[in-house]
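Examining the three-dimensional arrangement
Residue-level listing of the chains:
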Amino acid sequence: MTRFNTSSSALADLSSSLDEGGSLPTEDALVQLGRALMTELIDVISDTALEDFQTILGEALIGAFHSAAGRIERDADRARDTMRSLDRDFDGSEAADTELQEATTKARAGDAATQACELIRDAASETWTVATGEVWTAWRGSRRGTHLTAAQLEAKQAIRAIRNRKSGDADPGGPVIAFRGAPTADSAEDAGRIFDALNWAKSEWPDMALATTGAKGSEKLAIKWAQQKGVKLILARADFDTHGKAAPFRANDELIALEPEVCLTLVHSVAGVREDQRPFGPALNLGQKAMESGLRHVSIKARAA
């Protein structure tokens, strides 16, 4: 379960630094709001005709706060740009001093509001996972790990960070482990083998980041493992709008570009393995690309009888 830091937090520090407009809600209150909103949504639509649309509605609620956090953060960034410009050209006048104070206040208020939205979002997301077993992930932009055990990053940001060796939220921060698995591999036995493989990887590379496409089934199980273990998560989403049927394989190109220490693949369910079971093509493709690139590849298989 996600642990929220509700004491001596950055949000409390930001709240105390705001000059006007009153103090912010406490972190406990914001977390409770996120949980209550999601719980109310699930309770109202359960056992009704809307239950078939539960996933869309639940993800929309979480995504609304994710989008709001992003919009507010961009406003705060613009205020910081203004601060830098005013500071650079500061002439000592009262007017310039007032402008600088106003920009500073706006940036602080934006930072505080961003963190508040993130707290609500993360609490709603945790409640969603507990109630449904599903995992929400951001489709666009980075989901920072300020209050989560797993930070979610766009693959392009992480690739750029590796190439440039820049620090910051987009830096994977450690060795990358790539994983692709079949959507049908979602049984308890599959989960056990996936967790075994990821636990092995973490024992080899304790500061690892997990890279996957976030597809349903086995990759959602891997995301749950990352959240439980506090492992940073890099998402290389398959962009079907742009690449059509080739999207899963283009996503593999992004995973390979991250230069992973090892590529883990699960080509089909390990539960009740049959000879006629069709392997998952994108997982096979990642293994092939890993070997062609000189990267280590490990195929996850059923335990020996």
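Throughout, residues of each chain are indexed from 1 in the direction in which the sequence is written. Reporting of local features is limited, given that this is a predicted model, to residues whose pLDDT is at least 70; pairs of side-chain atoms are given and counted only at 80 or more, and all residues count toward the totals for whole chains, interfaces and linings. Side-chain figures throughout are based on the complete set of non-hydrogen atoms in the structure, without hydrogens or water.

Let's shift gears to unusual backbone geometry. Of note, the phi angle at Asp47 is positive, near 60 degrees, even though the residue is not glycine. Here Asp47 falls in the exposed class, since its relative accessible area comes to 72%. For Glu259, which is not a glycine, the phi torsion comes out positive at approximately 55 degrees. What counts as a helix is a DSSP run of H or I of at least four residues, what counts as a strand is a run of E of at least two, and both are numbered from the N terminus. Structurally, Glu259 is set in the loop between α9 (247-257) and β5 (262-266). Residue Glu259 is classed as exposed on the basis of its relative accessible area, which comes to 54%. For every residue, the accessible area obtained with a 1.4 Å probe (protein chains only) is divided by the maximum for its type, and the residue is called buried under 20%, exposed over 50%, and partly exposed between those limits.

On the surface, a cluster of nonpolar side chains totalling about 370 Å² of accessible area is made up of Leu50, Phe53, Ile56 and Leu57. The class for Leu50 is partly exposed, based on a relative accessible area of 45%. Each patch groups residues whose relative accessible area exceeds 30% and which form no salt bridge, using 9 Å between like charges and 5 Å between nonpolar side chains of Val, Leu, Ile, Met, Phe, Trp and Tyr. Note on areas: Shrake-Rupley with a 1.4 Å probe; residue coverage comes only from the protein chains shown. Take a side-chain nitrogen of Lys or Arg and a carboxyl oxygen of Asp or Glu: if they are within 4 Å of each other, that pair is a salt bridge.

Before going further, it helps to spend a moment on the environment of Gly110. Inspection of the secondary structure puts Gly110 in helix α4 (residues 94-132). Among the residues examined, Gly110 registers a relative accessible area of 9% and is labelled buried. For the pair Gly110 and Ile72, spaced 38 residues apart in sequence, the C-alpha to C-alpha distance is 5.8 Å. The contact rule is simple, with two residues in contact once any of their heavy atoms fall within 4.5 Å. Here Gly110 is in contact with Ile72 and Ala76, once residues within four sequence places are set aside.

Taken by themselves, the reported measurements are silent on function.
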